[in-house]
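A closer look at the structure
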Amino acid sequence: MSATSRAQLCFLLLSVTALRGHARFLDMQDNEISPEGLLSLLSSELKRELPEEFVYRRALRCLDMVAVEGQFTFTAERPQLNCAVFFIGEPTDVISIEYDSVNIDCRGGDFIKVFDGWVMKGEKFPSSQDHPLPLYERYTDYCETGVSRPIVRSSQNVAMLFFRLHQSGSSFTVTFRKLINPFPCNVVSQTPEGSFTMIIPQQHRNCSFSIIYPVEIQIGELSLGQHNDLKRSILGCAGSGDFVELLGGNGMDTSKMFPMADLCYSFNGPAQMKVGCDNTVVRMVSSGKFVNRVSFQYRLLGHQELQQMKGNSVEDVCLRA
Amino acid sequence: MWLARTLLALALLCAPVSSLCLPTYDPEPNFLCNNEVFSEANDKRQPTNSLLDSVNLLFKSAHALSSEEPRERRTTPASKYRYLSQTQLRSKLYRNSAKSDRRSQVTLSLDVPTNIMNILFNIAKAKNLRAKADDNARLLAQIGKRK
């Protein structure tokens, strides 16, 4: 084999390895790429071993939050009557929960229910106004459909699993996966800082981006399809079918939050606002006639900023500035 | 019921002071006053003019009246009694079951303050980092094994 052919073969194998997503293995070696090393990565034995061995596994607690893919097991050491697990992914993810094994007594009152979203203190995210499904369809009960429907998929990057186990020794195992959501609509941010662009492409729906922190939001660009950027509306967004609103509140349900600001005209350039609430939401309402888009950044408000806002505020509503 | 109300009213009237409990010429002297109630009060040597004692006496009188009910129930046919008991029991269970089903279906929620989510986020982040570290360690071990 000539040197040129050898180099071409190595390049080909390297490309195939990269396409299969195994490129990171090369970084682990001693900066030496050899045909034998590349071939070993493609061996069937290694490929069979990787998926199962590298699955992240851990036990669940009665109250838990899961943000990493893997297999999670809960085993009751005593009756557990009020338990819940929060699942969350990246903004562009939807959540898949698969029942791997379940050992519960459905007739004895045990249950495992998956909620399409988060619900706390009776408040839901997404709210009923923003979610495409009615409330009763957002609950999936393992005891009713678990056998015929072992995989439950969420509509956004958050989901919740409620369970009740009356007997010691009852258990269940679920596999949590994140799937790509090409058109994210309703999102909960995992972090108090970040940036996001919300696009609603000619769909008649409402979308909310929730940040469960007091933050400063800086909107960089707002593009509403309707041509009302020549003058500002005197009556705010009344009568407008396409607009963006900033909401603040101490719960999850956007329909119960306080409106902090309404934006119903397109603009470029920074427009910032501080919201000192437990939950800060950027919500877009779309009529479905236009392509609407909003880009924004957010950062956590510091303790001193919150104190200053508190000192300047005369209202009990969440602090704003 | 008329008899029970009459006895309750008389007990209320007689509660303040024992001296108002006058003997009558009725052949059944216990009909107007329940001596057992007053005898218990006297045994405790408590003043009978206080409001608390009046409440206690009223309670004891009511209890004495309720103790008469078993005698009335004994006159009820046994089969009817069992039938009523079973009906009430079944209804109660059904109502609770239905209520539980409805509550679990539409109002299942977690009573946790919203701001606790920050703590859960941090815990999840730490677990995520730990998971990635474990994953990398397994990768290194696997590569070492292959060599």
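Residues numbered from 1 in each chain as written. Chains lettered and ligands numbered in written order. Predicted model: local features only at pLDDT ≥ 70, side-chain atom pairs only at ≥ 80, totals over all residues. Heavy atoms only, no water.

What about the overall build of chain B?
Counting secondary structure elements, chain B contains 6 helices and 0 strands. The linear arrangement of helices and strands in chain B, starting from the amino end, is α-α-α-α-α-α. Within chain B, the proportion of its 147 residues that are buried is 20%. By sequence separation, contacts in chain B at least 24 residues apart represent 58% of the contacts at least 6 residues apart. Counting every atom, chain B has about 11,400 Å² of accessible surface; 59% of that belongs to carbon and sulfur. (Helix = DSSP H or I, 4+ residues; strand = E, 2+ residues; numbered from the N terminus. Buried < 20%, exposed > 50% of the residue type's maximum accessible area, 1.4 Å probe, protein only. Contact = heavy atoms within 4.5 Å. Areas by Shrake-Rupley, 256 points an atom, 1.4 Å probe, with all protein chains shown as cover.)

Remarks on the overall build of chain A
Helix and strand counts for chain A come out as 7 helices and 22 strands. Looking at chain A as a whole, 48% of its 321 residues qualify as buried. Look at the contacts in chain A between residues 6 or more apart in sequence, and 75% of them connect residues 24 or more apart. Counting every atom, chain A has about 16,100 Å² of accessible surface; 50% of that belongs to carbon and sulfur.

Things to note about the sheet that holds strand 5 (residues 93-103) of chain A
All names here are of chain A. The strand order 1-3-12-5-10 describes an open sheet built from 5 strands, whose pairing is mixed. Strands with a single pairing partner mark the edges of an open sheet, and in this sheet they are strand 1 (57-59) and strand 10 (151-153). Here the strands of the sheet are splayed against their neighbours by 25 degrees on average, with no regard to which way each runs. (Pairing = 2+ DSSP bridges. Axes fitted to C-alpha atoms, helices over the stretch in contact; angles between N-to-C directions.)

Here we look at the packing of aromatic side chains
Here the structure, examined in full by the defined rule, presents 15 aromatic pairs over all chains. Seen in terms of ring centroids, A:Phe86 and A:Trp118 are 5.2 Å apart; in terms of plane orientation they differ by 85 degrees. Their pairing is edge-to-face. Placement of the pair is A:Phe86 in strand 4 (residues 80-88) and A:Trp118 in strand 7 (residues 118-120), with a sequence separation of 32 residues. Using a relative accessible area of 0% as the deciding quantity, one classes A:Phe86 as buried. Taken together through their ring pairs, the aromatic side chains of A:Phe86, A:Trp118, A:Tyr213 and B:Phe121 make up a single cluster. (Phe/Tyr/Trp six-rings, centres within 6.5 Å; stacked < 30°, edge-to-face > 60°.)

Examining the side chain of A:Thr254
Residue and element names in this part refer to chain A. Here threonine 254 is to be found in the loop between strand 17 (243-249) and strand 18 (258-263). We classify threonine 254 as buried; its relative accessible area is 5%. For threonine 254, the side chain forms a polar contact with the side chain of serine 127, separated by 3.3 Å. If sequence neighbours within four positions are ignored, threonine 254 has contacts with Ser127, Asp130, Ser208, Leu247, Val281 and Arg283. (Polar contact = N/O pair within 3.5 Å; in protein donor to acceptor, adjacent residues only side chain to side chain.)

Observations regarding unusual backbone geometry
With an omega of -10 degrees, the peptide bond between A:Phe125 and A:Pro126 qualifies as cis. Summarising the element assignment, A:Pro126 is placed in the loop between strand 8 (123-125) and helix 5 (135-138).

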